[in-house]
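Observations on the model geometry
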Amino acid sequence: MAHVSDLAEEKTTSVLSSSKIVTLRIARYNPNVDSTTKFAEYKVPVEKWTTVLDVILDVKKHFDHSIAVRYSCRQATCGSCGMIINGRPRLACFTKVSELDSDVITVQPMHNFPIIRDLAVKFERLFESHQKIKPYIIREDTEPALDTRDILQTPEELEEFIQFSNCIKCGLCNSACPTMATDSSFVGPQALAQAYRYVADSRDNGKNSRLKIIDDSHGIWRCHFAGSCSQVCPKGVDPAMGIQLLRGYMLGFS
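Structural notes, computed from the coordinates. (Residues numbered from 1 in each chain as written. Predicted model: local features only at pLDDT ≥ 70, side-chain atom pairs only at ≥ 80, totals over all residues. Heavy atoms only, no water.)

**Looking at the overall build of the protein chain**
Test applied: Secondary structure elements follow DSSP: runs of H or I of four or more residues count as helices, runs of E of two or more count as strands, with numbering from the N terminus. By definition, residues are in contact when any of their heavy atoms lie within 4.5 Å. Surface accessibility in these figures is a Shrake-Rupley result with a 1.4 Å probe; residues are shielded only by whichever protein chains are displayed.
Helices and strands together make up the secondary structure of the protein chain, namely 11 helices and 7 strands. Long-range pairs, those at least 24 residues apart, make up 67% of the contacts in the protein chain between residues at least 6 apart in sequence. With the model as given, the accessible surface of the protein chain reaches about 13,000 Å², and the carbon-plus-sulfur share is 50%.

Below is the structure:
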């Protein structure tokens, strides 16, 4: 299914500074109706600052309101607009068209996630896995007053985990992971990296319980260390490194 739009002509007359016309190819698929994915094509004018999300929303506004796409903050903070852009998992709001160095932009839903419709996918597996590793500080303080006090850390203690606290749960790492594609029960790089974030936190007393949770056939040992997760992380979390550091804890755990 292909649509060649007049959006380029309409905008060129009103925005004389438009310097480039690109073709946006959007994957269209409704699992309740369609048997295969088809692509709809639109010609769209862009500026050097135009993001892929801008282009998608332009098409959605002017030509097809039914296009399903998830987005929110538009500043790479919420993690909502993850998708496959020209073959690579990326955040649409964080990816400028000019960075792609291509006149054709192909957008598809993330791999390894069930498709709701078009570019929107289900996040239940990611959130369930994240919740499974107990993503919160666990304390063993017995005095009630200690529950509300500040627990001070040295800069060195903070440095141990602060990088991994930048995860925005966008799902790009899980989408890029080859093990996620072959093991439907694998906890995934996002959850494993977050397990390390709390295990390495000096304020936390839940290390042993977390290590037991991920020490199974679908846990940390299923990671083959392809490194794909770290290559696509938009926040520099480096899940692959977190998993390797977590394995160090596992080998010393009794």
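Once the structure has been displayed, the description carries forward.
**Concerning the environment of R247**
We apply this condition: Counting of polar contacts relies on pairs of N or O atoms within 3.5 Å, with two restrictions inside protein: one atom must be capable of donating a hydrogen and the other of accepting it, and residues adjacent in sequence are counted only when both atoms are side-chain atoms.
Along the chain, R247 turns up in helix α11 (residues 239-251). Through-space distance from the C-alpha of R247 to that of Y196 is 9.1 Å; in sequence the pair is 51 residues apart. The residues touching R247, leaving out its near neighbours within four places in the chain, are I220, W221 and C223. Among the polar contacts made by the side chain of R247, one reaches the side chain of Q244 at a distance of 2.9 Å.

**Some remarks on α11**
Here is the rule we go by: By this rule the span expected of a helix is its residue count minus one, scaled by 1.5 Å. Working definition: with a 1.4 Å probe on protein chains only, accessible area under 20% of the residue-type maximum means buried, over 50% means exposed, and in between means partly exposed. In this description, one arc is meant: the one made by directions from the helix axis to the C-beta atoms.
Between its first and last C-alpha atoms α11 spans 18 Å; for 13 residues at 1.5 Å apiece the expected length is 18 Å, and the two agree. All of the buried residues in α11 are P239, A240, G242, I243, L246, R247 and M250. For α11, the angular spread of buried residues about the axis comes to 155°, placing them on one side. For α11, the elements touching its buried residues are α6 (172-176), α8 (189-199), α9 (207-214) and α10 (228-232).

**Digging into the packing of α8 against α11**
Helix packing for two helices is described by the angle between their axes and how far apart those axes are. Which entries qualify depends on this criterion: Structural elements are reduced to axes, namely lines fitted to C-alpha atoms, with helices fitted over the stretch in contact, and the angle between N-to-C directions of any two is expressed from 0 to 180 degrees. By the definition adopted for this analysis, an angle is roughly parallel if under 35 degrees, roughly antiparallel if over 145, roughly perpendicular if from 65 to 115, and oblique otherwise. Handedness of a helix crossing follows the sense of rotation of the near helix relative to the far helix, less than a right angle counterclockwise being left-handed and clockwise being right-handed. When residue character is reported, Ala, Val, Leu, Ile, Met, Phe, Trp, Tyr, Cys and Pro are called nonpolar, Asp, Glu, Lys and Arg charged, and the others, Gly included, polar.
Look at α8 against α11: their axes get within 8 Å of each other, and the N-to-C directions meet at 55°. Here α11 runs oblique to α8, going by the angle between their axes. Considering only the axes of α8 and α11, their crossing is left-handed. Between α8, through P189, L192, A193, A195, Y196 and V199, and α11, the contact on the second element is made entirely by P239, G242, I243, L245, L246 and Y249. Its residues placed into classes, the contact of α8 with α11 shows 11 nonpolar, 1 polar and no charged.

**Re the sheet that holds strand β1 (residues 20-28)**
Threshold: Pairing between two strands is assigned when DSSP locates at least 2 bridges connecting them.
With mixed pairing, the 5 strands of this open sheet are ordered in space as β2-β1-β5-β3-β4. Only two strands of the sheet have a single partner each, and these edge strands are β2 (38-46) and β4 (88-91). On average, adjacent strands in this sheet sit at an angle of 35° to one another, irrespective of strand direction. Summarising the sheet, β1 and β2 pair through 9 bridges and their orientation is antiparallel.

**Comments concerning unusual backbone geometry**
Although it is not a glycine, A76 sits at a positive phi angle of roughly 55°. Checked against the element boundaries, A76 lands in the loop between α2 (52-62) and β3 (82-85). Classification of A76 by relative accessible area gives buried; the value is 4%.

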